[in-house]
Amino acid sequence: MLVIDGLLIFGLILFGYASLASLAWVYAKRRNALYWSDICLPIVLLLVWTFLASVGYGHQSLSHLIEIPILLMVSIIFLYVRVFIVDRYREQFKQNSYIILGLGVFFCFIVANIYAIFS
């Protein structure tokens with residue numbers, strides 16, 4: 001029963017992410033600026049976070065679970081900043097998308113170390 005509840009919560013979180021990110025995805029698609037790194041941003045960040053948590057990087061406790069919504073919110077902010085601000089001034093859309101993906105992965109490392117820094 002716990003696995004089913006976890007999958008339902010995970011699905012609900014991803015549905016919420018897709019709902020919030022769909023405006024940026026549609027806008028980027030109209031300008032031919034939508035790439036795989038925009039769509040897969042939350043999945044890549046969650047995979048990097050899972051890897052970091054599984055190898056013991058950063059502070060080890062159940063407080064890691066709060067990092068998942070933080071990463072998803074930051075990835076939405078990064079996506080909106082890229083689509084609506086950065087792409088206006090720098091029209092290398094694919095490169096902008098990869099830079100945002102790299103910033104998201106870097107943010108995973110920052111979030112994993114945040115408890116070690118402030119404790």
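Details of the structure are given in the entry above.
Residues numbered from 1 in each chain as written. Predicted model: local features only at pLDDT ≥ 70, side-chain atom pairs only at ≥ 80, totals over all residues. Heavy atoms only, no water.

One can find Phe15 in helix H1 (residues 2-30). Under the relative-accessibility criterion, Phe15 is labelled exposed at 58%. Distance from Phe15 to Leu62, taken between C-alpha atoms, is 24 Å for residues 47 residues apart in sequence. (Helix = DSSP H or I, 4+ residues; strand = E, 2+ residues; numbered from the N terminus. Buried < 20%, exposed > 50% of the residue type's maximum accessible area, 1.4 Å probe, protein only.)

This part takes up the nonpolar core. Ranked by size, the top nonpolar core spans 25 residues in total, and within it Tyr17, Leu41, Leu79 and Cys108 carry the most contacts. Elements that contribute at least two residues to this core include exactly H1, helix H3 (41-54), helix H4 (67-89) and helix H5 (93-118). With 7 residues, the single largest contributor to this core is H4. (Core = buried A, V, L, I, M, F, W, Y, C linked by side-chain atoms within 4.5 Å.)

With respect to the helices and strands, the residue Arg82 is situated in helix H4. One polar contact links Arg82 to Asp38, side chain to side chain, over a distance of 2.6 Å. A polar side-chain atom of Arg82 sits 2.6 Å from a polar atom in the side chain of Asp87. Those residues in contact with Arg82 that lie beyond four places of it in its chain are Ala28, Ala33, Asp38, Asp87, Phe93, Asn96, Ser97 and Ile100. (Polar contact = N/O pair within 3.5 Å; in protein donor to acceptor, adjacent residues only side chain to side chain. Contact = heavy atoms within 4.5 Å.)

This part covers the packing of aromatic side chains. For the coordinates displayed, the defined rule picks out 6 aromatic pairs. Ring geometry for Phe78 against Phe107: centres 6.4 Å apart, planes inclined by 80°, an arrangement best described as edge-to-face. With Phe78 in helix H4 and Phe107 in helix H5, this pair connects stretches of sequence that are 29 residues apart. (Phe/Tyr/Trp six-rings, centres within 6.5 Å; stacked < 30°, edge-to-face > 60°.)

Here the structure, examined in full by the defined rule, presents 0 disulfides. Counting only cysteine sulfurs, Cys108 is the nearest neighbor of Cys40, a cysteine outside any disulfide, at a range of 14 Å. Overall, the relative accessible area of 27% leaves Cys40 in the partly exposed class. (Disulfide = S-S within 2.5 Å.)

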